[in-house]
Amino acid sequence: MTKTTNGDLLLKNITAQSPFPICFDDLEKAVAEKMEAGPFGYIRSGAGGEQTLRNNRAAFEKYSIVPRFLNDVSNVDTSIKLFGKTYPTPFLFAPVGMNKMAHDDGELAVVRAAQQLKIPYIQSTVSSYGLEEVAQAAPTATKWFQLYWSTNEEIAYSMAARAESAGFEAIVLTVDTVMLGWREEDVRNQFSPLKLGYARGNYINDPVFMASLPDESFESYVQGVLQNVFHPTLNWENVRELKRRSNLPILLKGILHPEDAKLAIENGIDGIIVSNHGGRQLDGVVGSLDALPAIVKAVNGQIPIILDSGVYRGMDALKALSLGADAVAIGRPFVYGLALDGQHGVEKVMTNLYDELKVSIALAGATSLPALRNITLVKKDGVDEK
Ligand SMILES: Cc1cc2nc3c(=O)[nH]c(=O)nc-3n(C[C@H](O)[C@H](O)[C@H](O)COP(=O)(O)O)c2cc1C
């Protein structure tokens with residue numbers, strides 16, 4: 001996976017039997033035609049007037065590369081190391097809930113693709129399949145569990161413990177979703193996947209959650225999820241307690257301020273995900289790439305930094321890695337691949353991202369991710385960024 005080829009990757013795409021959308025815009029168009037307005041709108045949209053969603057894209061557009069030439073770039077090493085394990089690509093699957101909306105195989109298809117491509121998979125709390133089923137579907141994939149805190153804290157601890165016993169290797173606590181963002185598209189479409197039961201997987205398999213319900217009816221389950229999944233009281237003491245109770249590395253997802261990154265380190269956190277939830281939570285927020293440089297400076301190499309939100313091309317990944325991210329996580333692109341063609345669609349999307357990244361690293365004049373950090377980037381105004 002590390003050997004650069006002379007354009008044959010692109011030729012392989014051109015001569016493919018069944019052409020698959022090659023870029024994000026094509027993917028989104030194809031999925032819009034295939035899916036109903038409700039679920040498609042849920043996946044595509046951002047909160048409020050979608051300024052955050054636009055900021056994410058605009059942040060990548062601001063940067064341009066000043067490439068270097070005449071270095072032998074025939075071998076490009078794209079591998080990364082996270083928590084002691086080496087992976088061939090700098091990608092992760094971002095946690096995305098309720099995958100059955102996109103495809104019946106849901107998370108099982110995605111984790112199988114993750115296993116195939118050796119890309120770490122982060123399973124959402126609100127997934128359609130339970131974490132034990134996901135573990136069974138892809139026993140050798142690297143799996144992390146994304147935790148939404150719970151109003152009843154014992155449910156959160158129970159899920160974290162289940163993840164540990166099912167072989168998940170890290171807990172990702174999402175901190176930006178203590179309540180649901182203001183999602184106008186879902187109001188417009190009168191669509192709530194939580195109320196339709198798409199998030200059942202981890203809840204109906206949780207003994208603490210099930211014991212908290214008055215009965216086993218569908219209505220009780222939906223009410224139970226809605227009461228638990230939003231938790232505005234979440235605070236640093238909860239983070240410390242989670243850290244005390246778990247043997248796994250803990251990451252915080254949704255960090256955008258360098259001071260929060262420093263607090264994460266002070267509180268013993270093992271990694272952070274710089275993210276604005278793909279523009280789905282607070283509107284009018286800084287693009288995640290724009291937040292990255294100050295966080296890289298504050299963290300100063302002490303813990304790994306993963307970035308998500310708006311990584312839709314190999315070139316986007318290159319820019320984030322060059323600005324100091326250790327890896328990038330992919331959200332909507334893989335969901336669109338899943339909607340179009342299940343596991344195969346997910347693999348196709350991730351392979352295209354990877355192939356573009358690899359070619360781009362070589363053309364920028366680097367042969368490894370550490371070398372990429374020395375590449376010159378300029379911002380739109382022509383001022384040297386680094
Ligand atoms: C349909 C959808 C569902 C999501 N569900 C979750 C979730 O359950 N937990 C979570 O932490 N993030 C969730 N996210 C946010 C992603 O983890 C990630 O931050 C975001 O998708 C990255 O932006 P991108 O889609 O522009 O790549 C979701 C995103 C989408 C699009």
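Refer to the structure printed above.
Reading the values: the criteria
- Residues numbered from 1 in each chain as written.
- Predicted model: local features only at pLDDT ≥ 70, side-chain atom pairs only at ≥ 80, totals over all residues.
- Heavy atoms only, no water.
- Helix = DSSP H or I, 4+ residues; strand = E, 2+ residues; numbered from the N terminus.
- Buried < 20%, exposed > 50% of the residue type's maximum accessible area, 1.4 Å probe, protein only.
- Lys, Arg positive; Asp, Glu negative; His and termini not counted.
- Charge placed at Lys NZ, Arg CZ, Asp CG, Glu CD.
- Salt bridge = Lys/Arg side-chain N within 4 Å of Asp/Glu carboxyl O.
- Near = heavy atom within 4 Å.
- Polar contact = N/O pair within 3.5 Å; in protein donor to acceptor, adjacent residues only side chain to side chain.
- Areas by Shrake-Rupley, 256 points an atom, 1.4 Å probe, with all protein chains shown as cover.
- Pairing = 2+ DSSP bridges.
- Phe/Tyr/Trp six-rings, centres within 6.5 Å; stacked < 30°, edge-to-face > 60°.
- Core = buried A, V, L, I, M, F, W, Y, C linked by side-chain atoms within 4.5 Å.
- Contact = heavy atoms within 4.5 Å.

A.B. asks: I'd like a description of the overall build of the chain, backed by residues and values.
C.D. replies: Scanning the chain from N- to C-terminus turns up 18 helices and 12 strands. For the chain, the spread of C-alpha atoms along the three principal axes comes to 70 × 50 × 40 Å. For the chain, the residues scored as buried account for 56% of the 386 residues in total. In the chain, the 37 positive side-chain charges and the 45 negative ones have mean positions that sit 5 Å from each other.

A.B. asks: Pulling in residues and values, what's your account of the pattern of salt bridges?
C.D. replies: This structure, assessed with the given rule, holds 16 salt bridges. One salt bridge in this structure joins E132 and R162, with 2.8 Å as the shortest N-O distance. Taken together, the residues E132 in helix α6 (residues 131-137) and R162 in helix α7 (residues 153-165) connect sequence positions 30 residues apart. Overall, R162 belongs to the buried group, its relative accessible area being 10%. Linked through salt bridges whose partners overlap, the residues forming this network are E154, E237, R240, E241, R244 and R245.

A.B. asks: Residues and numbers for the site of the ligand, please.
C.D. replies: In the vicinity of the ligand, 22 residues are found, and the nearest of them are P95, S124, T174, D308 and Y312. At a separation of 2.9 Å, a nitrogen atom of the ligand approaches a polar side-chain atom of Y148. Between the ligand and the protein, one listed contact pairs a nitrogen atom with a side-chain N or O atom of H277 at 3.3 Å. For the ligand, the protein covers 99% of the area, taking 600 Å² as the surface of the free molecule.

A.B. asks: Can you tell me about the pairing of strand β11 (residues 327-330), naming the residues and giving the values?
C.D. replies: Side-chain direction in a regular strand flips from residue to residue, so the side chains alternate between the two faces of the sheet. Burial along β11 is two-sided: the face carrying A327 and A329 and the face carrying V328 and I330 are both buried. Here three bridges tie strand β4 (residues 91-93) to β11, and the two strands are oriented parallel to one another. Following the sheet pairing, F93 is matched in β11 by I330. Looking at chain direction, strand β10 (residues 305-307) and β11 are connected through two bridges and run parallel. Within β11, the position partnered with I306 by the bridge is A327.

A.B. asks: Any chance you could break down the packing of aromatic side chains for me, citing the residues and the numbers?
C.D. replies: Note on aromatic pairs: each is described by the distance of the centres and the angle between the planes. Here the structure, examined in full by the defined rule, presents 12 aromatic pairs. Ring centres of F145 and F168 lie 6.3 Å apart, and the angle between their planes is 85°; on these two criteria the pair is classed as edge-to-face. A residue pair is termed long-range when its members are at least 10 positions apart, and F145 in strand β6 (residues 143-147) and F168 in the loop between α7 and β7 (171-174) qualify at 23 residues. Take F145 and F168: they sit in the same class, and that class is buried. Relative to Y157, the ring of W149 lies with its centre 5.4 Å away and its plane at 90°, an arrangement referred to as edge-to-face. The exposure class assigned to W149 is buried, which follows from its relative accessible area of 1%. Exposure remark for Y157: the relative accessible area of 8% places this residue in the buried category.

A.B. asks: Please set out the nonpolar core residue by residue, giving values where relevant.
C.D. replies: In terms of nonpolar packing, the biggest core is built from 121 residues, with F91, I272 and M350 touching the most fellow members. For this core, the leading source of residues is helix α17 (residues 332-364), giving 15 residues. The contacts of F91, once residues within four sequence positions are left out, are I119, P120, A317, V328, I330, M350, L353, Y354 and L357.

A.B. asks: Before we move on, can you summarise the side chain of N202 with the specific residues and values?
C.D. replies: For N202, the position within the fold is in helix α10 (residues 200-204). Overall, the relative accessible area of 0% leaves N202 in the buried class. Here the side chain of N202 touches T125 through a polar contact of 2.9 Å, landing on its backbone oxygen. Setting aside its immediate chain neighbours within four residues, N202 contacts Q123, S124, T125, S127, Y129, G130, L131, F145, M159 and R162.

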